[in-house]
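Remarks on the overall topology
These are the residues of each chain, in order.
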Amino acid sequence: GNELNATALKTYYPHIWYLTQEPWVFDATIRENLLSVLSDDDGKLPNDEKIEAALRWAHCDFVWELEYGLDTEIGERGVRLSWWQKQRLAIAKIFLKNPEIILLDEPTSALDSFSEEHITKALDELFVGRTVVIIAHRLQTVKKADEIIVLEGGQVVEHWNHEELIKKWWLYNKMLEL
């Protein structure tokens, strides 16, 4: 109900979360990395039960195999974690932040097919009632979207939902066949 040109962009920041292909982590513990998504405005910090739930939803079981669990130091730029572990932690941050608008850039690119299936189910639950924009080359990631926009050469060449796009022999369907 607000005019966009009369609203400061900064007011949107608390309501948006962005997950890049290369997840952002810093030299601290897993717990500190997870809690870094919350601002002072978010109120009290979540208890371990909520943190553990976010880790379960993001399939971060590896955390419990580490010697110090949540209090494990991950090193500068997360050098003590694999790429897929950092990606899963980044997804757990989304669950903790609980934003209204989510932007995802290749969210499952570092995951194997089995992990992708589990994470996709968890993300589907998180997406309910939210605005989500997913940038993806893996079509499995976008099949359930309300609208899929296919770009070629920086131009929109198709847009519809999965069911409608596969009825046509368009670029989306050709990519799916490959």
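To be clear, the structure that these remarks concern was listed above.
So, here is what we can say about the structure in this document. Keep in mind it's a predicted model, so treat the numbers as computed, not measured.

Further remarks concern the packing of helix 2 (residues 48-57) against helix 3 (residues 83-97). Helix 3 packs onto helix 2 with a crossing angle of 130° between their chain directions and a minimal axis gap of 8 Å. It follows that helix 2 is oblique to helix 3 by the angle criterion. Taken as a pair, helix 2 and helix 3 cross one another with a handedness that is right-handed. Contact with helix 2, carried on its side by Lys50, Ile51, Ala54, Leu55 and Trp57, involves Leu89, Ala92, Phe95 and Leu96 of helix 3 and no other residues of that element. Its residues assigned to classes, the contact of helix 2 with helix 3 shows eight nonpolar, no polar and one charged.

Before going further, it helps to spend a moment on the pairing of strand 2 (residues 101-105). Direction of pairing for strand 1 (residues 16-19) relative to strand 2: parallel, over a ladder of four bridges. Its bridge partner being in strand 2, tryptophan 17 is matched across the sheet by isoleucine 102. With five bridges connecting them, strand 2 and strand 3 (residues 131-135) associate as parallel partners. Across the sheet, residue isoleucine 102 finds its bridge partner in strand 3, namely valine 132.

Turning our eyes to something else, we now look at a negative patch on the surface. Side chains of Asp27, Glu32, Glu73 and Glu76 sit close together on the surface and give a patch of like negative charge. Relative to the elements of secondary structure, glutamate 76 occurs in the loop between helix 2 and helix 3. Judged by relative accessible area, glutamate 76 falls into the exposed class, the value being 57%.

Counting across every chain of the model gives three aromatic pairs. Look at tryptophan 57 and phenylalanine 95: their rings are 5.4 Å apart centre to centre, the planes differ by 50°, and that puts the pair in the tilted class. Taken as a pair, tryptophan 57 in helix 2 and phenylalanine 95 in helix 3 lie far apart in primary sequence, 38 residues in all. Residue tryptophan 57 is classed as partly exposed on the basis of its relative accessible area of 45%. Each ring, one from phenylalanine 62 and one from tryptophan 84, has its centre 5.6 Å from the other, and the planes form 80°; the classification is edge-to-face.

What counts and how
- Note that residues are indexed from 1 along each chain, following the sequence as it is written.
- Where totals are concerned, whole chains, interfaces and linings use all residues; where local detail is concerned, this predicted model gives features only for residues with pLDDT of at least 70, and gives and counts side-chain atom pairs only at 80 or more.
- Only hydrogens and water are removed before side-chain values are computed, so all heavy atoms of the structure are retained for them.
- Orientation is described by lines fitted to C-alpha atoms, with helices fitted over the stretch in contact, and by angles between N-to-C directions that extend from 0 to 180 degrees.
- Secondary structure elements are taken from DSSP: a helix is a run of H or I of four residues or more, a strand is a run of E of two residues or more, and numbering for both begins at the N terminus.
- Working rule for angles: under 35 degrees goes down as roughly parallel, over 145 as roughly antiparallel, 65 to 115 as roughly perpendicular, anything else as oblique.
- By definition, any crossing whose near helix is turned counterclockwise from its far helix by less than a right angle is left-handed, and any crossing with a clockwise turn is right-handed.
- Only heavy atoms enter the contact rule, under which two residues are in contact if any of them lie within 4.5 Å.
- Under this grouping Gly is polar, as are all residues other than the nonpolar Ala, Val, Leu, Ile, Met, Phe, Trp, Tyr, Cys and Pro and the charged Asp, Glu, Lys and Arg.
- Note on pairing: DSSP must find at least two bridges between two strands before they are called paired.
- For patch detection, residues must exceed 30% relative accessible area and be free of salt bridges, and they are connected within 9 Å for like charges or within 5 Å for nonpolar side chains (Val, Leu, Ile, Met, Phe, Trp, Tyr).
- Residue burial considers only the protein chains on display, and all accessible areas are found by Shrake-Rupley using a 1.4 Å probe.
- Here a salt bridge means any side-chain nitrogen of Lys or Arg lying within 4 Å of a carboxyl oxygen belonging to Asp or Glu.
- Here Asp and Glu are counted as negative and Lys and Arg as positive; His is not counted, and neither are the chain ends.
- Think of each charge as sitting on NZ of Lys, CZ of Arg, CG of Asp or CD of Glu.
- Exposure classes here rest on a 1.4 Å probe applied to the protein chains alone. A residue is buried below 20% of its type maximum, exposed above 50%, and partly exposed in between.
- In this scheme Phe, Tyr and Trp rings, the latter by its six-membered ring, pair at centre separations within 6.5 Å, and the angle between planes marks the pair as stacked below 30 degrees, edge-to-face above 60, and tilted otherwise.

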